[in-house]
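# Inside the fold
Here are the chains, one letter per residue:
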Amino acid sequence: MNKSRWESLITSDLTHLSSESNYTYLHYKDGSKKLMSRTLKDWQERLPHFLRIGRRFLVAPDHITGWSNDFTTGYINHQPFKVSRRAAGVLRKEGPTSTLYRFDKQCL
């Protein structure tokens, strides 16, 4: 995929990415989604500012509207999402803002 194609998919409305094997769904603010034949790891390398909250999800920090007290649940535009046990532990220990750039290396 050429660079302009990647860039056209990455907009401020991109809320999160979810993986299905070697495919990734890109979810947007308006509820639409696009299926791409790239792994989540490929996307993670291109979107280092996104937060890896589990094996199957990357979320945009700008769209996170809250966390549960124990960080096992987060909210993207007020919709709940589950956080992996390891990721929740890192978030509890260090807080959500201090882990954005190194979170993925500690949890996977």
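These notes cover the structure that comes with them.

All right, on to the overall build of the protein then. For the protein, the helix and strand inventory stands at four helices and eight strands. Scanning the protein from its N terminus toward the C terminus, one meets helices and strands in the order α-β-β-β-α-β-β-β-β-β-α-α. In the protein, which comprises 108 residues, the proportion classed as buried is 42%. By element, 47% of the accessible surface of the protein is carried by carbon and sulfur atoms, the whole surface being about 6,700 Å².

Bringing the pattern of salt bridges into the picture now. Tallied over the entire structure, the rule returns one salt bridge. Across the pair E20 and R56 runs a salt bridge whose closest N-O atoms are separated by 2.7 Å. A residue pair is termed long-range when its members are at least 10 positions apart, and E20 in strand β1 (residues 14–20) and R56 in the loop between β4 (51–54) and β5 (57–59) qualify at 36 residues. Taking relative accessible area as the criterion, E20 reaches 41% and is therefore assigned partly exposed. Exposure remark for R56: the relative accessible area of 35% places this residue in the partly exposed category.

What follows covers the side chain of T15. By the secondary structure assignment, T15 is in strand β1. Ignoring anything within four residues of it in the chain, the contact list for T15 reads H27, Y28, K29, F50, V59, A60, H63, I76 and N77.

The subject of this paragraph is the environment of H49. Examined against the element boundaries, H49 turns out to sit in the loop between α2 (40–46) and β4. By relative accessible area, H49 is classed as partly exposed at 34%. Taking the C-alpha atoms as reference, H49 lies 7.5 Å from A60; in sequence the two are eleven residues apart.

The strand order across the open sheet built from three strands is β6-β7-β8, with neighbouring strands paired in antiparallel fashion. Edge positions in the sheet fall to β6 (64–67) and β8 (79–82), since each has one partner strand and no second. Direction aside, neighbouring strands of the sheet carry axes that sit 30° apart on average. Two elements, strand β7 (residues 73–76) and β8, share four bridges in a ladder whose sense is antiparallel. Bridge pairing in β8 places Y75 opposite P80.

The rules we used
- Residues numbered from 1 in each chain as written.
- Predicted model: local features only at pLDDT ≥ 70, side-chain atom pairs only at ≥ 80, totals over all residues.
- Heavy atoms only, no water.
- Helix = DSSP H or I, 4+ residues; strand = E, 2+ residues; numbered from the N terminus.
- Buried < 20%, exposed > 50% of the residue type's maximum accessible area, 1.4 Å probe, protein only.
- Areas by Shrake-Rupley, 256 points an atom, 1.4 Å probe, with all protein chains shown as cover.
- Salt bridge = Lys/Arg side-chain N within 4 Å of Asp/Glu carboxyl O.
- Contact = heavy atoms within 4.5 Å.
- Pairing = 2+ DSSP bridges.
- Axes fitted to C-alpha atoms, helices over the stretch in contact; angles between N-to-C directions.

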